[in-house]
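Single-letter residue listing:
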Amino acid sequence: MSSNQDQGGLYQLVNLFSGGALLQVSIFALGIMPYITASIIVQLLRVVIPRFQQLYDEGASGQSKLTQYTRYLTIALGLLNATTLVSLARSGQLLPNCQLPIIPDTSIIATILVVITLTAGTGLIMWMGELVTEKGVGNGMSLLIFTSIAAGFPTSLGAIWNSKGPGTFFTVLAIGLVTVALVVFVEQSQRRIPVQYAKRMIGRRTVGGTSTYIPIKVNMAGVVPVIFASSMLYLPGLIAQFNQPKAGESIAPWVEWINNNLTKGDHPIYMALYFVMIVFFTYFYVAITFNPEEVSDNMKKYGGFIPGIRAGKPTADYLQYVLSRITLPGAFYLGFVALIPLVALVLISANQNFPFGGTSILIMVGVGLETVKQIDAQLQQRHYEGLLR
């Protein structure tokens, strides 16, 4: 498994979201990935299926139905992922360099039992995450991922100390502090578009006349583009695995090219393609999740306008103009942070032990900031002092 970890592909991503469970082939080996995938799919389907958008606009009742659809889709994806995992494990293609049988008993009953067990593990994690969301502070799924990533930090840093020595260890810590500061700075950065509301008379009361703003974050897409790009880059290697030559045959040229260029994270072509795909998926996801026309219509409905911009289509065009330009530095930032572990692999050969970079640091800082905001909001509702002064 250590040799496969250096690929920087989906093995590493799934192992990250499962809290290291994939490495141990445990009951929670699938981790939280099916739920995340189901949530993203339901969110994207709002653009394609009008019924989903109607449910979203209905408020709490409609969104509860969307949540129920997400649960059903999570179980379906869990069954699909578990079946794929077991099939690859039985054929020896899950871990090509492993000589030991991962599934010793390949009978139908044992295979079905493994698939059901892995799917049940995903269902249990989904239930635990929703329970934390309902009873605790913040998003339960995000907190579970945060905990699983944070639990692996001491082991990763200890491995770097033992294998590379104290010099490399303190270098990694310094890079980590700079990376965390950069991520916090960009995650908190936003462009505030001023909005003015006209005064209106409703009965005997004067309503409106206030000034507010629309906050457009530099990184509106979060960590989703990195997940999309990692998943897409894993597909060529997976296709090449299923097209390996039989005994006595020569390897196909395109399979050899994929094996040489798109399966190792330290290859320049892999890094360049990874960066370009992150930039593309950032624009793609922001275009789906933020609708300038909808925001413009809502402002017009409640008498709001941007100073110097006419209501209606000019407002939507202006929002699209600002959004397309502020997304560019956000996309470059995501690509830069995602490439940090791959660069670490080239410089210090510590990709599998490098904790400060890529998906892990984006999730940890993002969830940490959001949780602090949630706790602050809870404290202020009860007239207590804030968590951070």
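As annotated in an unreviewed UniProt entry, the protein is Protein translocase subunit SecY from Arthrobacter bambusae. Of the protein, the UniProt comment under Sequence similarities (unreviewed entry) reads exactly: "Belongs to the SecY/SEC61-alpha family." Quoted straight from UniProt, the Subunit (unreviewed entry) entry for the protein says "Component of the Sec protein translocase complex. Heterotrimer consisting of SecY, SecE and SecG subunits. The heterotrimers can form oligomers, although 1 heterotrimer is thought to be able to translocate proteins. Interacts with the ribosome. Interacts with SecDF, and other proteins may be involved. Interacts with SecA."

*Asks:* Sorry if this is basic, but what is going on with the UniProt feature "transmembrane region" (unreviewed entry) in the protein here?
*Replies:* The feature "transmembrane region" (unreviewed entry), as annotated in UniProt, sits at residues 20-48, 69-88, 108-129, 141-161, 167-186, 207-228, 269-290 and 330-348 in this numbering. Here residues 141-161 runs as 95% helix and 0% strand, with 31 Å between its end C-alpha atoms. Annotated as residues 167-186, this span is 100% helix and 0% strand, and its ends, taken at the C-alpha atoms, are 29 Å apart.

*Asks:* Is there a simple way to think about the side chain of Thr74 in this case?
*Replies:* The residue Thr74 is located in helix α6 (residues 60-91) in this model. Taking the relative accessible area as the measure of exposure, Thr74 reaches 0% and is therefore buried. Beyond its immediate stretch of four places on either side in the chain, Thr74 contacts Pro34, Tyr35, Ala38, Thr122 and Met126.

*Asks:* Help me understand the packing of helix α11 (residues 224-241) against helix α13 (residues 268-289) in this model?
*Replies:* Each packed pair of helices is defined by two parameters, the angle between the axes and the distance between the axes. Put simply, α11 and α13 touch, their axes get as near as 8 Å, and they point 130 degrees apart. Put simply, α11 runs oblique to α13. Crossing of α11 over α13 shows right-handed handedness. Where α11 approaches α13, its residues Val224, Pro225, Val226, Phe228, Ala229, Ser230, Met232 and Leu233 are matched on the opposing element by Tyr270, Leu273, Tyr274, Met277, Ile278, Phe281, Thr282 and Tyr285. Looking at the contact of α11 with α13, its residues break down into 14 nonpolar, two polar and no charged.

*Asks:* Help me understand the packing of aromatic side chains, please; the structure alone is not making it clear to me.
*Replies:* Aromatic rings in a pair are described by how distant their centres are and how their planes are angled relative to each other. For the coordinates displayed, the defined rule picks out ten aromatic pairs. Considering the side-chain rings of Phe169 and Phe170, the 5.3 Å spacing of their centres and the 80 degrees angle between planes classify their relative orientation as edge-to-face. According to the relative accessible area criterion, Phe169 is buried, its value standing at 14%. For the ring pair Phe280 and Phe281, a centre distance of 5.3 Å and an interplane angle of 65 degrees mean the geometry is edge-to-face. On the basis of relative accessible area, Phe280 is assigned to the exposed category, the value being 52%. Ring-pair connections join several aromatic residues into one group, and the members of that group are Phe228, Phe280, Phe281 and Phe284.

Conventions and cut-offs
Residues numbered from 1 in each chain as written. Predicted model: local features only at pLDDT ≥ 70, side-chain atom pairs only at ≥ 80, totals over all residues. Heavy atoms only, no water. UniProt positions renumbered as here; feature names shortened; annotations may be inferred. Helix = DSSP H or I, 4+ residues; strand = E, 2+ residues; numbered from the N terminus. Buried < 20%, exposed > 50% of the residue type's maximum accessible area, 1.4 Å probe, protein only. Contact = heavy atoms within 4.5 Å. Axes fitted to C-alpha atoms, helices over the stretch in contact; angles between N-to-C directions. Parallel < 35°, antiparallel > 145°, perpendicular 65-115°, else oblique. Left-handed = near helix turned anticlockwise from the far one by under 90°. Nonpolar A, V, L, I, M, F, W, Y, C, P; charged D, E, K, R; others polar. Phe/Tyr/Trp six-rings, centres within 6.5 Å; stacked < 30°, edge-to-face > 60°.

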